[in-house]
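Close look at the chain arrangement
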Amino acid sequence: MAQHLLTFRGYAVPVTGVFDAATVAAVQDWQARNGIPVDVDATLTAPTWETLAPELDQHDTGVPVVAAQFMLASKGYAEVTPTGGYDHATRTAVKDLQRLHGLPPTGKLSTTTWCALVGGVVRQSFHKH
């Protein structure tokens, strides 16, 4: 998924699913350009995901939507097909994911929802008392 998002951000990274040297270089460059501490192993830290992943909703199309659809499908949302269009199945899956993580079920792929999708920590969970 990172390769899809790096491609969307203008990097010439082949989308192979292999975290190769080109991907490492692109992640490190993205971190440096965005004021994020550059990780020697190009670890996709929370600030890296938060800046790399655009917010998406029903009107969006293209590579970032495909990335989200691949992740949703890999998380067991079998009805989601990587088409590149933010269709009904994608929106429904995003709402389900949001409910699962205690987020408002808006159907929009916000930064917080991206964090939940990629297996990160939802920051709002730290603010609950």
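Per chain, the residues get numbers from 1 upward, laid out in the order the sequence is written. Per-residue local features are limited, in this predicted model, to residues with pLDDT of at least 70; the limit for side-chain atom pairs, both in listing and counting, is 80 or more; totals at the level of whole chains, interfaces and linings are taken over all residues. Values reported for side chains reflect all heavy atoms of the structure, with hydrogen atoms and water molecules removed beforehand.

**Quick look at the packing of aromatic side chains**
So the rule is basically this: Paired rings are identified among Phe, Tyr and Trp, the last through its six-membered ring, by centres lying within 6.5 Å, and are further divided according to the angle between planes into stacked (under 30 degrees), edge-to-face (over 60) and tilted (the rest). Put simply, DSSP H or I for four residues or longer makes a helix, DSSP E for two residues or longer makes a strand, and each gets a number counted from the N terminus. Exposed residues in this analysis have more than 50% of their type's maximum accessible area, buried residues have under 20%, and partly exposed residues fall in between, with area computed by a 1.4 Å probe over protein chains only.
One pass over the structure, following the stated rule, counts 1 aromatic pair. Ring plane angle 75 degrees and centroid distance 6.5 Å describe the contact between Y11 and W30, whose orientation is recorded as edge-to-face. One end of the pair, Y11, is in the loop between α1 (2-8) and α2 (21-33); the other, W30, is in helix α2, and 19 residues separate them in sequence. Given the relative accessible area of 16%, Y11 is considered buried.

**Some details on the nonpolar core**
Nonpolar side chains in soluble globular proteins tend to be buried together. Applied cut-off: Throughout this description, the term nonpolar core refers to a set of buried Ala, Val, Leu, Ile, Met, Phe, Trp, Tyr and Cys residues connected via side-chain atoms within 4.5 Å. Whether two residues are in contact is decided by their heavy atoms, any of which lying within 4.5 Å being enough.
The biggest cluster of nonpolar side chains holds 27 residues, and the ones touching the most others in it are L5, L6, L72, L109, W114 and L117. For this core, the secondary-structure elements that each account for two or more residues are α1, α2, α3 (46-52), α4 (63-74), α5 (88-100) and α6 (111-117). Of the residues forming this core, the biggest block, 5 residues, is contributed by α4. Apart from residues no more than four positions distant in its own chain, L109 is found in contact with P54, E55, L56, A68, Y86, V94, W114 and L117.

**Re the side chain of Q69**
As a reminder, the rule being used: Pairs of N or O atoms within 3.5 Å make up the polar contacts considered here, provided that, within protein, one atom can donate a hydrogen while the other can accept it, and that residues adjacent in sequence are counted only when both atoms are side-chain atoms.
Within the element layout of this structure, Q69 appears in helix α4. In this structure Q69 comes out as buried when scored by relative accessible area, which is 0%. A polar side-chain atom of Q69 sits 2.9 Å from the main-chain amide nitrogen of G84. If we ignore the near neighbours within four places in the chain, the residues touching Q69 are V80, T81, P82, T83, G84, G85, D87 and T90.

**Points about the environment of V27**
Relative to the helices and strands, V27 is located in helix α2. C-alpha separation for the pair V27 and Y11, spaced 16 residues apart in sequence, amounts to 9.4 Å. Dropping the residues within four chain positions of it, V27 is found in contact with L6, F19, A42, T43, L44 and T48.

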